[in-house]
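# Fold and geometry: a report
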Amino acid sequence: MGNGNCKLIIHGGAGRLEGKVATKEQYRIGLQEAIHPAYETLLEQGARAAVLHAIRLLESDQIFNAGTGSKLQRDGRVRMSAALMDSKDGIFSGVINIYDVEHPISIADELRGEVHHLLSGSEATEFARRKGFPFHDPITMSRFIEYRKALRNREKFGTVGAVALDAKGVVCAGTSTGGIGNETPGRVSDSASVAGTYADMVGGVSCTGKGEHIINQAVAAQVIYRLRDGVPLKKILIDLMKEGASRDHEFGLISLDRKGRFGVRSTKASISVLYALKDQEHQLDFTNGGKNLIL
């Protein structure tokens, strides 16, 4: 498999549901600034390194609800979740409600080599300190103002994610989130579960939207299991979104299969997944590639 088959798709959340800290153009620029260096990493170092690179860049960009710029929970603190999985070893690793770190996805990656691959809360943060990850305050002024306003519209949630296919056929998916904002401390999102993040040799998925809805449909795992059964990606996504819409669920996803076919879909026309994708032939994003995409 040559570099022509390398694929990278990233997302920065679910459009209008992300709150009001950035414009459509700022989201587009942020995604483009992440996907180009991450694609070079994909060519040089492979799928996992590319996913990590992309998500770290998005975690560092304050307009996205992950890492620095994450939303505050009801008690005024930021708690973040992230997960990572690739087809090389099939290990799902992640952190739930970690706090005071810059890159939750890096802690998720670190857990790959541990006996226990998923940690939560203070134990996850203590693990990060033992591994040398320093204290970092992820609260930004924009998110603090958003929190203080205590907006009544609770349908504000977001995530960042990436899915990559490299020249060796390795597929990797990763997701990082700051949660829905103003939620009850202790809430567990979909991001650090196989409902929101999943990858194996047949493909990879990263979801965004309301975590409870994603978990109820086991979205990412459903996509992968149906790919294993030989169902085309396009049909899988159409079926899943129809099911979600019939249950009034609100979510979207990015995905790819082992042949390099991409899919971006959401359950409602009002939800636009903020995505960007790049390979040897395509360079698209949510502003010029359409809201729903199958390549």
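See the structure shown above.
Residues numbered from 1 in each chain as written. Predicted model: local features only at pLDDT ≥ 70, side-chain atom pairs only at ≥ 80, totals over all residues. Heavy atoms only, no water.

Attention shifts here to the sheet that holds strand β11 (residues 275-278). What the 8 strands build is an open sheet, ordered β4-β3-β2-β6-β5-β1-β11-β12; its pairing is mixed. The sheet is open, and its two borders are formed by β4 (118-120) and β12 (283-285), each paired with just one other strand. Taken pair by pair, the neighbouring strands of this sheet meet at an average axis angle of 5 degrees, ignoring direction. Pairing geometry for β11 and β12, over 3 bridges, is antiparallel. Looking at the pairing, K278 lines up with Q283 of β12. Contacts between helix α1 (residues 24-45) and the sheet are confined to β1 (7-11), β5 (158-165), β11 and β12, with β1 contributing the most and set at about 150 degrees to the helix. The sheet contacts of helix α2 (residues 47-60) involve β1, β2 (80-86), β3 (93-98), β5 and β6 (171-179), and relative to β5 the element is tilted by about 155 degrees. (Pairing = 2+ DSSP bridges. Helix = DSSP H or I, 4+ residues; strand = E, 2+ residues; numbered from the N terminus. Axes fitted to C-alpha atoms, helices over the stretch in contact; angles between N-to-C directions. Contact = heavy atoms within 4.5 Å.)

Running from N to C, helix α7 (residues 219-228) and helix α8 (residues 233-246) point in directions that differ by 145 degrees, and their axes come no closer than 10 Å. With respect to the hand of their crossing, α7 and α8 are arranged in right-handed fashion. Here V219, Q222, V223, R226 and L227 of α7 come into contact with α8, specifically with L233, K235, I236, L237, D239, L240 and E243. Here the residues of the contact of α7 with α8 sort into 7 nonpolar, 1 polar and 4 charged. (Left-handed = near helix turned anticlockwise from the far one by under 90°. Nonpolar A, V, L, I, M, F, W, Y, C, P; charged D, E, K, R; others polar.)

This next bit is on the layout of surface pockets. Looking at the largest pocket, its volume works out to about 220 Å³. Considering the residues around the largest pocket, the lining is formed by 16 residues, among which Q45, G46, A47, D166 and K168 are closest to the centre. Those elements that provide at least two residues to the lining of the largest pocket are α1 and α2. Sorting elements by how many residues they give to the lining of the largest pocket places α1 first, with 4 residues. In terms of residue class, the lining of the largest pocket is made up of 6 nonpolar, 3 polar and 7 charged. (1 Å grid on protein atoms, 1.4 Å probe; cavity = no way out; pocket = protein on both sides within 12 Å on 5 of 7 lines; lining within 4 Å. Points joined across faces, edges and corners; volume = space filled by probe spheres on them.)

Among the structural elements, D257 can be located in strand β9 (residues 251-257). Looking at D257, the relative accessible area reads 3%, which means it is buried. Between the C-alpha atoms of D257 and G181, which are 76 residues apart in sequence, the distance is 32 Å. Apart from the residues within four sequence positions on either side, D257 is in contact with L165, V202, G203, L227 and L233. A polar atom in the side chain of D257 sits 3.0 Å from the backbone nitrogen of K259. (Buried < 20%, exposed > 50% of the residue type's maximum accessible area, 1.4 Å probe, protein only. Polar contact = N/O pair within 3.5 Å; in protein donor to acceptor, adjacent residues only side chain to side chain.)

Glancing now at empty space enclosed by the protein. With the rule as written, the count across this model stands at 3 cavities of 30 Å³ or more. By volume, the second largest cavity amounts to about 50 Å³. Forming the walls of the second largest cavity are 12 residues, and the residues nearest its centre are T159, T177, S189, D190 and G209. Looking at the lining of the second largest cavity, the elements that each hand over two or more residues are β5 and β6.

The next subject is the environment of Y225. For Y225, the location among the structural elements is in helix α7. In this structure Y225 comes out as partly exposed when scored by relative accessible area, which is 42%. Taking the C-alpha atoms as reference, Y225 lies 13 Å from S255; in sequence the two are 30 residues apart.

This part takes up the nonpolar core. In terms of nonpolar packing, the biggest core is built from 58 residues, with L8, I9, I10, L31, L42, I98 and Y275 touching the most fellow members. Core analysis: the second largest hydrophobic core is formed by 24 residues, M85, V205, F251 and L253 among them. (Core = buried A, V, L, I, M, F, W, Y, C linked by side-chain atoms within 4.5 Å.)

Moving on: the pairing of strand β10 (residues 262-266). With 4 of 5 residues buried, β10 is to be regarded as a mostly interior element. Turn length for the β9-β10 hairpin, with the two strands adjacent in sequence and antiparallel, is 4 residues, and the turn residue G260 shows positive phi of about 90 degrees.

This next bit is on the pattern of salt bridges. A side chain of one charge can pair with a side chain of the opposite charge if their charged atoms are brought near each other. Applying the stated rule across the entire model yields 16 salt bridges. Taking the shortest distance from any N to any O, the salt bridge between E114 and K131 comes out at 3.3 Å. Separated by 17 residues along the polypeptide, E114 in the loop between α3 (104-110) and β4 and K131 in the loop between α4 (121-130) and α5 (141-149) bring together distant segments of the chain. Exposure remark for E114: the relative accessible area of 28% places this residue in the partly exposed category. The class of K131 is partly exposed, set by a relative accessible area of 39%. Put simply, D239 and K235 hold a salt bridge, and the shortest N to O gap is 3.2 Å. (Salt bridge = Lys/Arg side-chain N within 4 Å of Asp/Glu carboxyl O.)

So, about unusual backbone geometry. Of note in the backbone geometry, D100 takes a positive phi value of approximately 60 degrees without being a glycine. The phi dihedral of A218 falls on the positive side, at around 50 degrees, and the residue is not glycine. Among the structural elements, A218 can be located in the loop between α6 (211-217) and α7. Residue class for A218 comes out partly exposed when judged on its relative accessible area of 29%.

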